[in-house]
Amino acid sequence: GENVEQHPSTLSVQEGDSAVIKCTYSDSASNYFPWYKQELGKRPQLIIDIRSNVGEKKDQRIAVTLNKTAKHFSLHITETQPEDSAVYFCAASRVGGFKTIFGAGTRLFVKA
Amino acid sequence: EAGVAQSPRYKIIEKRQSVAFWCNPISGHATLYWYQQILGQGPKLLIQFQNNGVVDDSQLPKDRFSAERLKGVDSTLKIQPAKLEDSAVYLCASSRGQGEGYTFGSGTRLTVV
């Protein structure tokens, strides 16, 4: 069945450094790739997404890249801050399709 | 726009009791999802509605869980009877269409004792 693998499961960085989280998907028909941030005790929130017709998308300190050939996509956070500490989930789906598959999550710690 | 509304926020019940959760999605969002999130894990889809029809309930334990979305707007999820392993946060989410970005509600934290 469809699967999304996410790495690493835990990531610890120093404040100001960059963080990269990678996901690989199995369904070649996937064309929509959102990223969610979940702070402790709170709901997951959509922070950025990318569709398969573009290779990169940026929003201030966060960016997502997509390699359709290799079927992987990555979240990049630059100049990390303590408030970036959270669990990040990637997901893959087909717009108009009915299944969104989530990765297992990456717990990011940003040390001040 | 108003967010996804869920109630109650917290619920503690004894095993074998029944419980119901309610969700009101963002206005105009045709797709509604119920997820179960066990502590330390990613969200697991229980059921997905498109308007008032079920699109996917393959991971819903149908012997004890049921859900409905009458009139294609708000939805209820019921557990009867509850087991200890049902302790989790139950998240409702909605999206404009299938496969698009979600807005999650605050969730209901269920503790079964």
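The paragraphs below set out a description of the structure included in this document. No experiment lies behind these values; they were computed from the predicted model shown. Every chain is numbered on its own, with residues counted from 1 as its sequence reads. To label them, take the chains in the order written and letter them from A, then take the ligands in the order written and number them from 1. For a predicted model such as this one, the threshold for reporting local features is a pLDDT of at least 70, and the threshold for listing and counting side-chain atom pairs is 80 or more; totals across whole chains, interfaces and linings nevertheless cover every residue. Side-chain metrics rest on all non-hydrogen atoms present in the structure, leaving aside hydrogens and water.

**What about the pattern of salt bridges?**
Residue and element names in this part refer to chain A. We count a salt bridge whenever a side-chain nitrogen from Lys or Arg sits within 4 Å of a carboxyl oxygen from Asp or Glu. Enumeration according to the criterion identifies six salt bridges over all chains in this entry. Between Asp 27 and Arg 94 there is a salt bridge whose closest N-O contact spans 3.1 Å. Highlighted residues: Asp 27 in the loop between strand 3 (19-25) and strand 4 (32-38) and Arg 94 in the loop between strand 9 (86-92) and strand 10 (101-102), separated in sequence by 67 residues. Close ionic contact of Lys 57 with Asp 49 constitutes a salt bridge, the shortest N to O distance being 2.8 Å. Accessibility expressed as a relative area gives 35% for Lys 57, which makes it partly exposed. By definition, any uninterrupted DSSP run of H or I lasting at least four residues is a helix, any uninterrupted run of E lasting at least two residues is a strand, and each is numbered from the N terminus. Think of it in three bands: with a 1.4 Å probe and only protein chains considered, a residue is buried below 20% of the maximum accessible area for its type, exposed above 50%, and partly exposed in between.

**A few points about the interface of chain B and chain A**
By definition in these notes, contact holds between two residues if any of their heavy atoms fall within 4.5 Å. With 19 residues of chain B at the interface, the matching set in chain A holds 18 residues. Summed over both partners, the interface of chain B with chain A comes to about 1,600 Å²; 49% of that surface belongs to carbon and sulfur atoms. Among the residues chain B hides against chain A, the three largest losses belong to B:Gly99, B:Tyr102 and B:Phe104. Together they make up 31% of the total. On inspection of chain B and its partner chain A, the count reaches one salt bridge. Among the salt bridges present, the one from B:Glu100 reaches A:Arg51, with a minimum N-O distance of 3.9 Å. Looking at the side of chain B that touches chain A, the elements that each hand over two or more residues are strand 4 (31-37) and strand 6 (53-56) of chain B. Looking at side-chain class alone, the side of chain B that touches chain A contains seven nonpolar, ten polar and two charged residues. Throughout, buried area stands for the accessible area (probe radius 1.4 Å) lost by two parts on being put together, summed over both. Under the grouping applied here, Gly and all other residues not named as nonpolar or charged are polar, the nonpolar ones being Ala, Val, Leu, Ile, Met, Phe, Trp, Tyr, Cys and Pro and the charged ones Asp, Glu, Lys and Arg.

**Concerning the state of the cysteines**
Residues and elements named next belong to chain A. Here, two cysteine sulfur atoms that lie within 2.5 Å of each other are counted as a disulfide. Enumeration according to the criterion identifies two disulfides over all chains in this entry. Residue Cys 23 pairs covalently with Cys 90 via a disulfide, S to S 2.0 Å. An S-S torsion of about -100° defines the bridge between Cys 23 and Cys 90 as left-handed. In this pair, Cys 23 sits in strand 3 while Cys 90 sits in strand 9, placing the two residues 67 residues apart along the sequence.

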